[in-house]
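Per-entry structural report
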Amino acid sequence: METTTSPYERYSRAPVNLGRMNDPTGAAWIKGLCGDTVEMYLVVEDGVITDALFQTDGCGATFACGSFATEFAKGRTVTEALGLSPKAIIDGLAGLPEDHRHCAILAASALHKAIADYLLRY
Ligand code: FES
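Residues numbered from 1 in each chain as written. Predicted model: local features only at pLDDT ≥ 70, side-chain atom pairs only at ≥ 80, totals over all residues. Heavy atoms only, no water.

**So, the overall build of the protein chain**
Helix and strand counts for the protein chain stand at five helices and three strands. Starting at the N terminus and ending at the C terminus, the protein chain contains elements arranged as α-β-β-β-α-α-α-α. Here the protein chain has a C-alpha radius of gyration of 14 Å; the compact-globule value for 122 residues is 14 Å, and the two agree. In terms of principal-axis extent, the alpha carbons of the protein chain reach across some 50 × 30 × 25 Å. Relative to all contacts within the protein chain whose residues are 6 or more apart in sequence, the contacts with residues 24 or more apart total 61%. (Helix = DSSP H or I, 4+ residues; strand = E, 2+ residues; numbered from the N terminus. Rg over C-alpha atoms; globule rule 2.2 N^0.38 Å. Contact = heavy atoms within 4.5 Å.)

Take a look at the structure:
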């Protein structure tokens, strides 16, 4: 029997855009109420996010949320990327376990804070 995996399961097992940057144009570090942290690094050229990486010491859901947020951000303008809500991350992952929904807030907040860092610098 063929089984299908959700984006949440896929990204939890095999996250994408994981890493750090030496010279980002926008970066953020954020700590959630659960105590876990997310780092977000962006390269922005002419208002468009051309690269995005994240790092986390959090749970599998945070790896999935960070993967989705960075994939969403790449190729979008900073204004478009600022529109990414925690609910859009949860919907894009086809759901998150009820007790891990806050992980989407952490990933969206890290992206928004990295964009704010870029906007304040340039
Ligand atoms: Fe802390 Fe998911 S980030 S439980």
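**Quick notes on the nonpolar core**
Leu42, Ile49, Cys65, Ile89, Leu93, Leu96 and Leu111 are the most contacted members of the largest nonpolar core, which totals 37 residues. Only helix H1 (7-13), strand E1 (26-31), strand E2 (37-45), strand E3 (48-56), helix H2 (60-73), helix H3 (78-82), helix H4 (86-92) and helix H5 (102-121) provide two or more residues apiece to this core. Here the element with the most residues in this core is H5; it accounts for ten residues. (Core = buried A, V, L, I, M, F, W, Y, C linked by side-chain atoms within 4.5 Å. Buried < 20%, exposed > 50% of the residue type's maximum accessible area, 1.4 Å probe, protein only.)

**Some details on H2**
Under the 1.5 Å per step criterion, the end-to-end length of H2 is 20 Å for 14 residues, consistent within 8% with the ideal 20 Å. Extensive coverage of H2 is indicated by the burial of twelve of its 14 residues. Within H2, burial applies to Ala61, Thr62, Phe63, Ala64, Cys65, Gly66, Ser67, Phe68, Ala69, Thr70, Phe72 and Ala73. Contacts made by the buried residues of H2 are with H1, E2, E3, H3, H4 and H5. At the C-terminal side of H2, Gly75 shows a positive phi close to 90°. (Expected span 1.5 Å × (residues − 1).)

Structural measurements only, silent on function.
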